[in-house]
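As a plain string of letters, each chain reads:
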Amino acid sequence: LVSNAVQLLRHPDVGVVEKSASLLVRALSKRRNAQSHAGLLLKVVKACDLDVVKLLEPVISVASSQSAALASALFDYSLEKISGNEDHGVLYRWLASLSLNCPAVARSNRDRLSQLLQDEKQPSQNRDRAASALLSTRLAVYFVDHDTSNILTNYIATRSADRWATYRFGRQAFVSGNFDV
C-alpha cells in the first residue's frame, strides 16, 4: 500500500498527489517504516516539479524523522536546488523542517546554512528559515558552538523590528536549548 501511494505521488493530477501524500503521512506515522521506502521517496521527490513538492512537505517531515539517510539526501538535494533555482521558498521550508526532524543532518551542513543566512539577496522569510535550521543544530550537540551562536545572534538582532519574527526565534531557541541566542 505504501509503495503504491509513493508511486501515485508522480501522478499528473494534483488532487491525486495531495490525497496520496495524506495517505502516506498516516501510513508512515503508524507503521514507522519510512526507511524501507526511502530510496523510492527520494526518486519521486527528485522527479517532481517545485509546485508539486509543496504538497509533499508533510510526507517529507514524517519520513525524515524516521530515516536519517533520507533526511541527509533530501537536505543535500535541497541545498543543490537552492543554488540553481529562482524560487527558493519551498526549499528553505524543507531545510527548516529537515533540521527539526533530524538535527544531525543540519549540524553537518551548518557552514552552508550560515552562508544561506548571510545571503543578502534572499528575502527575509527565506533567511528566517535558514536561521530556524541553524537553531535546530543545537539539538544535535551538547555544548554551544559559539560561531553559530554569534551568527544567529547578529541576524536575530537585525530582525528585532519584526516582533513576530523575534517571538518565533525566541520560541524555537527555547525549545531547542539555544539559551545563549
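Given the structure is predicted, the values throughout are model-derived calculations rather than measurements. (Residues numbered from 1 in each chain as written. Predicted model: local features only at pLDDT ≥ 70, side-chain atom pairs only at ≥ 80, totals over all residues. Heavy atoms only, no water.)

1. Observations regarding the side chain of R129
Consideration 1: By the secondary structure assignment, R129 is in helix 10 (residues 124-136).
Consideration 2: No salt bridge is formed by the buried R129. Its closest oppositely charged neighbour is E57, at 7.4 Å.
Consideration 3: For R129, the residues in contact, after removing those within four places along its chain, are G89, Y92, R93 and A96. (Helix = DSSP H or I, 4+ residues; strand = E, 2+ residues; numbered from the N terminus. Buried < 20%, exposed > 50% of the residue type's maximum accessible area, 1.4 Å probe, protein only. Lys, Arg positive; Asp, Glu negative; His and termini not counted. Salt bridge = Lys/Arg side-chain N within 4 Å of Asp/Glu carboxyl O. Contact = heavy atoms within 4.5 Å.)

2. Quick notes on empty space enclosed by the protein
Consideration 1: Counting across every chain of the model gives one cavity of 30 Å³ or more.
Consideration 2: Computed from the structure, the largest cavity encloses a volume of approximately 70 Å³.
Consideration 3: Contributing to the lining of the largest cavity are eleven residues, with T137, R138, D145, T148 and N178 lying nearest its centre.
Consideration 4: The residue inventory of the lining of the largest cavity, partitioned by class, reads four nonpolar, four polar and three charged. (1 Å grid on protein atoms, 1.4 Å probe; cavity = no way out; pocket = protein on both sides within 12 Å on 5 of 7 lines; lining within 4 Å. Points joined across faces, edges and corners; volume = space filled by probe spheres on them. Nonpolar A, V, L, I, M, F, W, Y, C, P; charged D, E, K, R; others polar.)

3. Digging into the packing of helix 3 (residues 38-47) against helix 6 (residues 68-83)
Consideration 1: The interhelical angle for the contact between helix 3 and helix 6, taken along N-to-C directions, is 15 degrees, at an axis separation of 10 Å. On the basis of the axis angle, helix 3 is roughly parallel to helix 6. Remark: the crossing between helix 3 and helix 6 carries right-handed chirality. Residue-level inspection shows A38, L41, L42, V45 and K46 of helix 3 in contact with helix 6, the latter providing L70, A73, L74 and Y77.
Consideration 2: Residue classes in the contact of helix 3 with helix 6 are distributed as eight nonpolar, no polar and one charged. (Axes fitted to C-alpha atoms, helices over the stretch in contact; angles between N-to-C directions. Parallel < 35°, antiparallel > 145°, perpendicular 65-115°, else oblique. Left-handed = near helix turned anticlockwise from the far one by under 90°.)

4. Description of the environment of W94
Consideration 1: Position of W94 among the secondary structure elements: in helix 7 (residues 89-101).
Consideration 2: Separated by 43 residues in the primary sequence, W94 and T137 have C-alpha atoms spaced 15 Å apart.
Consideration 3: The residues touching W94, leaving out its near neighbours within four places in the chain, are V45, V53, E57, I60, L74, Y77 and S78.

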